[in-house]
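Descriptive structure summary
The primary structure of each chain is shown beneath.
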Amino acid sequence: MPADRNNQKIAEVLATARHYGNMRFVLFTLYVTITAGLVFSVFGNLFGQQTRWEVFALKGFGVISTAVFIFFDHNINNYLLSLGKYIADRFEGSHYLFIPGYSKGTISYIICTPEALIGLFWLPSFFLGSATFCSN
């Protein structure tokens, strides 16, 4: 009976790990979609002629959304690492261990690198001036 209970516990832990692993990629897709909409609205004059304050607000939202999504990914990564340690400590000898490179945060770097590069895109855009991108 205890073996069944251990199998049920590890199945729940692995389901949680899968859920948060999938959520990370869903959040990344949402972030890219938001960024594409912001870029199009700021630099493509989606709403016609925009005031400087509107362009400034959209650029600010780009910076803030970048920081928020990097924060989300960082927290998900820490949670998944703690789940991996729980599995390794609790179920020794189990074949349910995470990928060896995962503990180094490889997946987090893969996701956070494009987010950071997009954030680096938004920051200098404040200094380019809104007159360049809209006629107001």
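Shown above is the structure to which this text applies.
Below, the structure is looked at part by part. (Residues numbered from 1 in each chain as written. Predicted model: local features only at pLDDT ≥ 70, side-chain atom pairs only at ≥ 80, totals over all residues. Heavy atoms only, no water.)

What follows covers the packing of aromatic side chains. In the structure shown here, the tally under the stated rule is six aromatic pairs. Consider the rings of Trp53 and Phe56, whose centres lie 6.0 Å apart with planes at 80°: the pair is edge-to-face. Separated by three residues within a single helix, Trp53 and Phe56 lie in helix H2 (residues 52-90), roughly one turn from each other. The exposure class assigned to Trp53 is exposed, which follows from its relative accessible area of 68%. Under the relative-accessibility criterion, Phe56 is labelled partly exposed at 45%. (Phe/Tyr/Trp six-rings, centres within 6.5 Å; stacked < 30°, edge-to-face > 60°. Helix = DSSP H or I, 4+ residues; strand = E, 2+ residues; numbered from the N terminus. Buried < 20%, exposed > 50% of the residue type's maximum accessible area, 1.4 Å probe, protein only.)

Of all hydrophobic cores here, the largest spans 11 residues; its members are Ile10, Val13, Leu14, Ala17, Leu27, Tyr31, Phe69, Ile76, Leu80, Leu83 and Ile87. Only helix H1 (2-43) and H2 provide two or more residues apiece to this core. The element best represented in this core is H1, accounting for six residues. Of all hydrophobic cores here, the second largest spans five residues; its members include Leu38, Val42, Val55 and Leu58. (Core = buried A, V, L, I, M, F, W, Y, C linked by side-chain atoms within 4.5 Å.)

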